[in-house]
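# Architecture at a glance
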Amino acid sequence: MEKQKRSALKGQRQQKVRYERNKHYRSRMKTAIKRVLSSSKKEEAETLHKDAVSLIDRLVTKGIIHKNTAARRKSAISRHLNSLS
C-alpha cells in the first residue's frame, strides 16, 4: 500500500511541473497570436505570422496542444493576414 502512495505523490509532482511548463508555452502562443491580430501593416504581420505558426507547430509536436486546435489558430491568423492590404 505504501508503494502506491509514493508513486501517486510522484505523479502529482510531475503533473505540477508539466502544468507549469505547458502554461508557459500556451501563454507564449497566445501572445504571438495577439501580436499578429493586432498588427495593421502587412509586412510586419507577415513576419509575426511566420513566428506564430512556427511556435504553434512546435507546441503540437511537444503534445501541448491538439493538432486541430493548432489548425484552427493558424487559420484565424492566416485569415487576418489575408485581409490586410
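Our subject is the structure listed above.
Let me begin by describing the structure that accompanies this report.

## A few points about the side chain of His49
Tracing the backbone through its elements, the reader meets His49 in helix 2 (residues 42-62). Classification of His49 by relative accessible area gives buried; the value is 15%. Those residues in contact with His49 that lie beyond four places of it in its chain are Val36, Ile77, Ser78 and Leu81.

## Quick look at the pattern of salt bridges
It is possible for side chains bearing opposite charge to pair when their charged atoms get close. Under the counting rule described, the total for this entry stands at 2 salt bridges. Here Lys23 and Glu20 are joined by a salt bridge, their closest N and O atoms 3.7 Å apart. Of this pair, Lys23 and Glu20 both sit in helix 1 (residues 2-38), 3 residues apart, roughly one helical turn. On the accessibility criterion, Lys23 (40% relative accessible area) is partly exposed. Measuring nitrogen to oxygen at the nearest pair gives 2.7 Å for the salt bridge that ties Asp57 to Lys74. Residue Asp57 is found in helix 2, and its partner Lys74 is found in helix 3 (residues 67-83); the two are separated by 17 residues along the sequence. Judged by relative accessible area, which is 31%, Asp57 ranks as partly exposed. Given the relative accessible area of 24%, Lys74 is considered partly exposed.

## Describing helix 1
Helix length check: helix 1 (37 residues) gives 54 Å between terminal C-alpha atoms against 54 Å at 1.5 Å per residue, within 8%. Those residues of helix 1 hidden inside the fold are in contact with helix 2 and helix 3.

## Digging into the side chain of Ser39
Along the chain, Ser39 turns up in the loop between helix 1 and helix 2. A relative accessible area of 6% places Ser39 in the buried class. Within the structure, Ser39 has its side chain in polar contact with the backbone oxygen of Val36 (distance 2.8 Å). Every residue in contact with Ser39, bar those within four places of it in the chain, is listed here: Glu44, Ala45, Leu48, His80 and Leu84.

## Examining the packing of helix 1 against helix 2
Where helix 1 meets helix 2, the axes come as close as 9 Å, and the angle between the chain directions of the two elements is 155°. Relative to helix 2, the element helix 1 is oriented roughly antiparallel. Here helix 1 runs over helix 2; the crossing is left-handed. Contacts between helix 1 and helix 2 involve Tyr25, Arg28, Met29, Ala32, Ile33, Arg35 and Val36 on the former and, on the latter, Ala45, Leu48, His49, Ala52, Leu55, Ile56, Arg58, Leu59 and Lys62. Taken together, the residues that form the contact of helix 1 with helix 2 break down as 11 nonpolar, 1 polar and 4 charged.

Criteria and thresholds
Residues numbered from 1 in each chain as written. Predicted model: local features only at pLDDT ≥ 70, side-chain atom pairs only at ≥ 80, totals over all residues. Heavy atoms only, no water. Helix = DSSP H or I, 4+ residues; strand = E, 2+ residues; numbered from the N terminus. Buried < 20%, exposed > 50% of the residue type's maximum accessible area, 1.4 Å probe, protein only. Contact = heavy atoms within 4.5 Å. Salt bridge = Lys/Arg side-chain N within 4 Å of Asp/Glu carboxyl O. Expected span 1.5 Å × (residues − 1). Polar contact = N/O pair within 3.5 Å; in protein donor to acceptor, adjacent residues only side chain to side chain. Axes fitted to C-alpha atoms, helices over the stretch in contact; angles between N-to-C directions. Parallel < 35°, antiparallel > 145°, perpendicular 65-115°, else oblique. Left-handed = near helix turned anticlockwise from the far one by under 90°. Nonpolar A, V, L, I, M, F, W, Y, C, P; charged D, E, K, R; others polar.

Keep in mind these numbers describe shape, not what the thing actually does.
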